[in-house]
Amino acid sequence: MSGYKILFKNIYLVLFLLWASQPQAQNKFIIVASTTSTEQSGLFKHLLPVYEKKSGVQVRVVALGTGQALDMARRGDADVVFVHDKEAEEKFIADGFSVRRFEVMVNDFVLVGPKADAAKLGGGQDIIAAYKKIAEAKAPFASRGDKSGTHAAEMRLWKAAGIDPQTGKGTWYRETGSSMGPTLNTASAMNAYAFTDRGTWLSFRNRGDLVIVVEGDQRLFNQYGVMLVNPAKHAHIKRELGQAFIDWVLAPEGQKTIAAYKIGNDQLFFPNAR
Amino acid sequence: MSDISAALAEALRLIGGMDAQLAQIVLLSVRVSLVAVTIAALVALPLGACLAIARFPGRQALVAILNALMGLPPVVVGLLIYLLLSRAGPLGEFGLLFTPTAMILAQAVLVTPIIAALSRQVIEDAWIEYEEQLRSLNAGTVAAARTLLWDARFALMTVVLAGFGRAAAEVGAVMIVGGNIDGVTRVMTTTIALETSKGDLPLALGLGMVLVAIIIGVNLLANVVKLTAQKRHG
Amino acid sequence: MMLPLNLKALCFVVANRPIIRDMSCEITAGPKTVILGPNGAGKSVLMRLCHGLLHPTSGSVAWHGRGRQAMVFQRPVMLRRSAIGNVIYGLRLAGVSRKEAESRAAHVLEAVGLTAIAQRAARVLSGGEQQRLALARAWALEPGVLFLDEPTANLDPNATRDVESIISAIHASGTKIIMTTHSLGQARRLGDEILFLSDGRLVERAPVDTFFRRPKSSEAVAFLQGELP
């Protein structure tokens, strides 16, 4: 047999294998770019089966930071985005990548830190005051530093406190450059303070000495938005299936399902669609 | 120490109580890696054999490059495949991103240089023994390559298994191109990464042990086959 | 017919060391040609040059027309497949159809007395069996010329006798034999003519009786008396 024949035989085999590796019965599905806070807190595991059973449409969630999720949608790799950084979302719309943003629900952020309380925060609700004390005490603080919605919220609060944490970089301020879970793992290992959403915190197992030190501040509430990626930008976007999912999440049934999700006795997400 | 014993208990519990979801993850892992390694082998074995036998200018440079590519960072491969398969990329219209096929592609790209470089070495060693005889029988480069691939099959099996191990243990690339979608592209390594970030270290480590057990199992099985065949064929 | 084989001013140099020096001769069809000479005389290299495994540094190896040639090496290289599979392999490479190859392989295995182990893995056979199989693989090609490079160097007397009788049978079937050996007894038993090499040169050429009874060159005299290293 000649070399070319063998080469072609192998190429055919490779193509066949790739073809055979595709799921045979291609179900109807949409891809949702979302955040680790919704995925890792277990919300989607609770919410999506209800919708899938009702609609017959599979919802495939790729969980990233908000920044990455929006980038992914910009490339046309998602039909729907489900994220929590209002500023970035509005920019997304201004750039034409979506036509409309719908508010779905809120959750809240908490500040966690070591029981020993190195910065002597002494509990309380005032997140700004807490930040100031941490910076003053140069107590270790683990930040995500990954352009996620949580990171953006953390940065807005630093700004409100009039502190540039970058000056503490390398000493007390540590950017992990990773998602919420790994950042909490880091904080737990070095007994640092960390800014996290409550959902991820409640489902986080490796807490070590960390406890919630600040919660309940109005400024800690966090709005989630959902958007259909603009089909005018990417022709293959599944407009009907994507919009149907958004409509359901905003409708009473979706909102009730979100409210029903609890870890222990704690409700994590508070639906507020209008 | 308690963490590790907890992980061991978790691993035993996972294997013993193998639920449908875990089984699906394990099966997908094995399927993706097996197909990826098969594709890589189809490309890499002939490539390695030709590089071992053919003599042409630039061959040494090619061998050096191939050896270097064995250390391809998975994340880079993942990103490359991501950009290729993304809707905005050149192969976007096929909609392969976030599918098992994308993960197969990424693993195949990662593993091909490994199999090619190692098989090149194996075949070149065999060629020293066979060269005069095969040339005397008038075997051309392609015929000689085919002959050596078959004759060195036991050693090459080990090479392909090394590729399988690398593919199955890889996380960076499949995380990026697969998206770790529950029930669709979630494999063992991405599950381990996810459980680690949820702080469930015993579960993550337990899953890791299951993964290692699978890789060891595949290798043991292959070794038994190899030893039996080797005894028969010398 | 591919003979006579003409060597013209043949030279072969490796790393500035001449192995074959300015050798010219004609090897004709018919007699079994045995190449003798001390270690390092260039016997194996000469055969490899003739067979085409090595390329001359200068000078030429000219065959008279095209024809099939085969070579059996000192240490047979067996492929990792059955005994008969090894024979079929050679035939398939020579462009023989599978069916034809199978019947020819069975036939030639019978001729070398290996029918009983045709299905055994070639690489687990004994040294003598492997060399007989190598001869069968070469013979099956029905070559015009068969080169043998010290074919019995690693074999015991019984196996040597088997191999020698197979070589004679191959010659009887019409194949030109060109071989090297270290054994003077084997040269006497098998050879018709002797090419005597020393230090890369063809020093003497004579019919086997003449060579052993009245060697002309001082090198040959010394070699036969066992005086050269």
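Here the structure is shown first, and the text comes after it.
Thresholds, definitions, all that
Counting restarts for each chain, with residues numbered from 1 along the sequence as it is written. Numbering of ligands from 1 and lettering of chains from A proceed in the order in which they are written. In view of the model being predicted, local features appear only for residues whose pLDDT reaches at least 70, and side-chain atom pairs are presented and counted only at 80 or more, with totals across whole chains, interfaces and linings using the full set of residues. Each side-chain value is worked out from all heavy atoms of the structure, with water and hydrogens disregarded. Runs of E in the DSSP output that reach at least two residues are strands. Runs of H or I that reach at least four are helices, and both are numbered from the N terminus. What we call a nonpolar core is a set of buried Ala, Val, Leu, Ile, Met, Phe, Trp, Tyr and Cys residues that are connected through their side-chain atoms within 4.5 Å. Burial here depends on accessible area, computed with a 1.4 Å probe over protein chains only, as a share of the maximum for the residue type. Under 20% is buried, over 50% is exposed, and the range in between is partly exposed. Per the annotation, domain bounds derive from an automatic or database assignment of domains. We treat two strands as partners when DSSP finds at least two bridges between them. Lines fitted to C-alpha atoms define the axes, with helix axes restricted to the stretch in contact, and inter-axis angles between N-to-C directions lie between 0 and 180 degrees. Only heavy atoms enter the contact rule, under which two residues are in contact if any of them lie within 4.5 Å. Throughout, buried area stands for the accessible area (probe radius 1.4 Å) lost by two parts on being put together, summed over both. Think of a salt bridge as a Lys or Arg side-chain nitrogen and an Asp or Glu carboxyl oxygen that are within 4 Å of each other. Here a polar contact means two N or O atoms within 3.5 Å. Within protein one must be a hydrogen donor candidate and the other an acceptor candidate, and residues neighboring in sequence count only if both atoms are side-chain atoms. Three classes are used, and their members are as follows: Ala, Val, Leu, Ile, Met, Phe, Trp, Tyr, Cys and Pro are nonpolar, Asp, Glu, Lys and Arg are charged, and the others, Gly among them, are polar.

### Some details on unusual backbone geometry
- In this structure, P4 of chain C follows L3 of chain C across a cis peptide bond, with omega equal to 5°.
- Inspection of the secondary structure assignment puts P4 of chain C in the segment before β1 (5–14).
- Within the chain, K147 of chain A stands out as a residue other than glycine whose phi angle is a positive 65°.
- Mapped onto the elements of the fold, K147 of chain A is located in the loop between β5 (141–143) and α7 (149–160).

### Here's the deal with the nonpolar core
- Judged by nonpolar contacts, the single largest core of 178 residues is most densely connected at F82 and F245 of chain A.
- The dominant element in this core, judged by the number of residues it contributes, is helix α2 (residues 20–53) of chain B, at 18 residues.
- Looking at which domains feed residues into this core, each of domain 1 (2–106 + 223–271) and domain 2 (108–220) of chain A gives three or more.
- Listed in part, the 26 residues of the second largest apolar core include M2, F12, C50 and F147 of chain C.

### Here's the deal with the sheet that holds β1 of chain C
All names here are of chain C.
- Read from one edge to the other, the open sheet built from three strands follows the order β2-β1-β4, with strand pairing classed as antiparallel. Of all strands in the sheet, those bounded by a partner on one side alone are β2 (17–27) and β4 (58–62). Geometrically, the sheet is characterised by an average inter-axis angle of 20° between neighbouring strands, direction not taken into account.
- Relative to β4, β1 runs antiparallel, the two being bridged by four bridges.

### So, the interface of chain A and chain B
- Across the contact, 32 residues belong to chain A and 36 residues belong to chain B.
- Interface of chain A and chain B: buried area, both sides summed, is about 2800 Å²; carbon and sulfur atoms make up 60% of it.
- Inspection of the chain A/chain B interface yields three salt bridges.
- In this structure, E39 of chain A and R186 of chain B form a salt bridge, with 2.6 Å as the shortest nitrogen-oxygen distance.
- For the pair chain A and chain B, the number of links is 13 residue pairs in polar contact (both at pLDDT 80 or more).
- Those elements that provide at least two residues to the side of chain A that touches chain B are α1 (3–21), α2 (36–40), β2 (58–64) and α8 (180–190) of chain A.
- For the side of chain A that touches chain B, the element with the most residues is α1 of chain A, which contributes eight residues.
- Classifying every residue of the side of chain A that touches chain B by side-chain character gives 13 nonpolar, 13 polar and six charged.

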